[in-house]
Amino acid sequence: MNPEEQNKTMDAWQTSARYWNKYRVLIAQMFAPLTSGLVEEAQIRVGQKVLDIGGGSGEPSLTISCIVGPTGSVMYTDPVAGMVETAQAEAASRGLTNIEFRKCSADALPFPDSTFDVVVSRLSAMFFGDPVTAVREALRVIVKSGYLSFVVWGSEEANPFFTSVNDVVDRFVESPEPGPDAPDAFRFAASGKLARILKNAGAENVIERQLDFQIEAAMSFEQFWQLRTEMSESLREKMARLTPAQLPTIKQAAADAAQRYFVSEKMSFPAEALIVTGRKG
Ligand SMILES: C[S@@+](CC[C@H](N)C(=O)[O-])C[C@H]1O[C@@H](n2cnc3c(N)ncnc32)[C@H](O)[C@@H]1O
């Protein structure tokens, strides 16, 4: 990713931060299976020191702080000030004392070598400016044999939580395909792509696991539409290019596409993620 693209990504996340704060509770709930997957793959347990890269509105840091307990600790990191503030405020309101916060980017971690037992990152690797450098940094700051585990979205077709809205909007707004290294939710959807980056960066025993799960919450289509069109920078940008007359047509088409995932005010989308795990040699 070139520096201009990287600055644009950071600005977009700064704007997104207030929506990630607004939907913090739902985000934790909807993507909880991803946190469980990371905890399992990275074998996180009581007493460990865990680094979370790109922690957004607080997950998986907040959940992991309870798992490692008072004898362990979590270092939450994110390069976006608004995200750090949201996560920090939530930890304070819960009275968590084993979690620290640092504003920093994945490719320049401000920690000495071999500081942490484990590194995790949930849904953030797709936005790293230089993923190989970021993985090298992660390997540098974990202890020998320590695990690093990244979860990213699987294929677009298997993730109607995104496509039910995106595909409809794309029919109305011209949107070029993102390049293979552009920051995008599906940048690492191709099986093996992120695993190769871990291997190139020097990780050992690299394993990719596909996680099929349901994104669930008590939510109507109306609430889902608002959540999706607020949380996603690319959707916000595309929606701004629509005429007011186009909006009801698009929303109705998205409602038709998503209808079967909403029953009695409950949302349940099938979803696919990839968990890529390696170890420091
Ligand atoms: C999709 S959100 C995921 C947030 C959270 N981990 C979650 O699962 O809810 C992506 C996060 O990656 C962060 N991010 C973007 N570029 C990054 C970078 N270069 N290094 C670390 N994090 C980055 C964003 O600020 C944002 O908080």
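Residues numbered from 1 in each chain as written. Predicted model: local features only at pLDDT ≥ 70, side-chain atom pairs only at ≥ 80, totals over all residues. Heavy atoms only, no water.

(A) Highlighting the overall build of the chain. Along its length, the chain carries eleven helices and eight strands. Rg of the C-alpha trace for the chain: 19 Å, near the compact-globule value of 19 Å for 281 residues, within the 12% margin. Overall size of the chain, expressed as C-alpha extent along the three principal axes, is 55 × 40 × 30 Å. The 281 residues of the chain split such that 55% are buried. Taking as baseline every contact in the chain between residues at least 6 positions apart, the subset at least 24 positions apart corresponds to 83%. Summing over all exposed atoms, the chain offers an accessible surface of approximately 12,600 Å²; the carbon and sulfur share of this is 51%. Considering the chain, the positive charge centre built from 28 side chains and the negative charge centre built from 35 side chains are found 4 Å apart. (Helix = DSSP H or I, 4+ residues; strand = E, 2+ residues; numbered from the N terminus. Rg over C-alpha atoms; globule rule 2.2 N^0.38 Å. Buried < 20%, exposed > 50% of the residue type's maximum accessible area, 1.4 Å probe, protein only. Contact = heavy atoms within 4.5 Å. Areas by Shrake-Rupley, 256 points an atom, 1.4 Å probe, with all protein chains shown as cover. Lys, Arg positive; Asp, Glu negative; His and termini not counted. Charge placed at Lys NZ, Arg CZ, Asp CG, Glu CD.)

(B) Quick look at the packing of aromatic side chains. In the structure shown here, the tally under the stated rule is 19 aromatic pairs. A ring pair is formed by Phe31 and Trp153, whose centres lie 5.5 Å apart and whose planes are at 75°; its orientation type is edge-to-face. Remark: Trp153 occurs in strand β5 (residues 142-153) and Phe31 occurs in the loop between α2 (24-30) and α3 (32-41); sequence separation between them is 122 residues. No difference in accessibility class separates Phe31 from Trp153, as the two residues are buried. Plain terms: the ring middles of Phe221 and Phe262 are 5.9 Å apart, the flat faces sit at 85° to each other, and that makes the pair edge-to-face. Residue Phe221 is located in helix α9 (residues 221-231), and its partner Phe262 is located in strand β7 (residues 262-263); the two are separated by 41 residues in the primary sequence. When its relative accessible area of 15% is taken as the criterion, Phe262 is described as buried. Its guanidinium or amino end placed over the ring of Tyr147, Arg279 lies 4.2 Å from that ring's centre, counting from NZ or CZ. (Phe/Tyr/Trp six-rings, centres within 6.5 Å; stacked < 30°, edge-to-face > 60°. Lys NZ or Arg CZ within 6 Å of the ring centre and 35° of its normal.)

(C) Examining the pairing of β5 more closely. Of all the twelve residues making up β5, nine are buried; the element is thus mostly covered by neighbouring parts of the structure. Relative to β5, strand β4 (residues 116-122) runs parallel, the two being bridged by six bridges. By the bridge assignment, Val119 is partnered in β5 with Leu148. Where the polypeptide runs from β4 across helix α6 (residues 131-141) and back to β5, its parallel neighbour, the crossover connection is right-handed. As paired elements, β5 and strand β8 (residues 266-279) share seven bridges and run antiparallel to each other. The residue bridging Phe150 from the neighbouring strand is Val276, located in β8. (Pairing = 2+ DSSP bridges. Right-handed = clockwise from strand over helix to strand, strands pointing away.)

(D) How the structure looks around the site of the ligand. Looking at the ligand, there are 20 residues lining it, with Gly54, Glu59, Asp78, Ala106 and Arg122 nearest. Glu59 places a main-chain nitrogen or oxygen 2.9 Å from a nitrogen atom of the ligand. The separation between an oxygen atom of the ligand and a polar side-chain atom of Ser124 is 3.3 Å. Burial of the ligand by the surrounding chains reaches 98%, relative to a free accessible area of 590 Å². (Near = heavy atom within 4 Å. Polar contact = N/O pair within 3.5 Å; in protein donor to acceptor, adjacent residues only side chain to side chain.)

(E) Region of the structure containing the environment of Pro131. Following the sequence through the fold, Pro131 ends up in helix α6. Distance in space between the C-alpha atoms of Pro131 and Leu194 is 8.7 Å, their sequence separation being 63 residues. In this structure Pro131 touches Arg187, Phe188 and Ile197, once residues within four positions along its chain are discounted.

(F) Local environment of unusual backbone geometry. The residue after Glu59, namely Pro60, is reached through a cis peptide bond having omega 15°. On the secondary structure map, Pro60 appears in the loop between β1 (49-53) and α4 (61-68). Even without being a glycine, Leu123 presents a positive backbone phi close to 60°. On the basis of relative accessible area, Leu123 is assigned to the buried category, the value being 13%.

(G) Representation of the packing of helix α7 (residues 160-172) against α9 in the model. At a minimum axis separation of 11 Å, α7 and α9 run at an interaxial angle of 85°. Classified by the angle their axes make, α7 and α9 are roughly perpendicular. Counted together, Phe161, Phe162, Ser164, Val165 and Asn166 of α7 and Phe224, Trp225, Leu227 and Arg228 of α9 form the full contact between these two elements. When the residues that make up the contact of α7 with α9 are grouped by side-chain class, the tally is six nonpolar, two polar and one charged. (Axes fitted to C-alpha atoms, helices over the stretch in contact; angles between N-to-C directions. Parallel < 35°, antiparallel > 145°, perpendicular 65-115°, else oblique. Nonpolar A, V, L, I, M, F, W, Y, C, P; charged D, E, K, R; others polar.)

Honestly, it's all geometry; don't read function into it.
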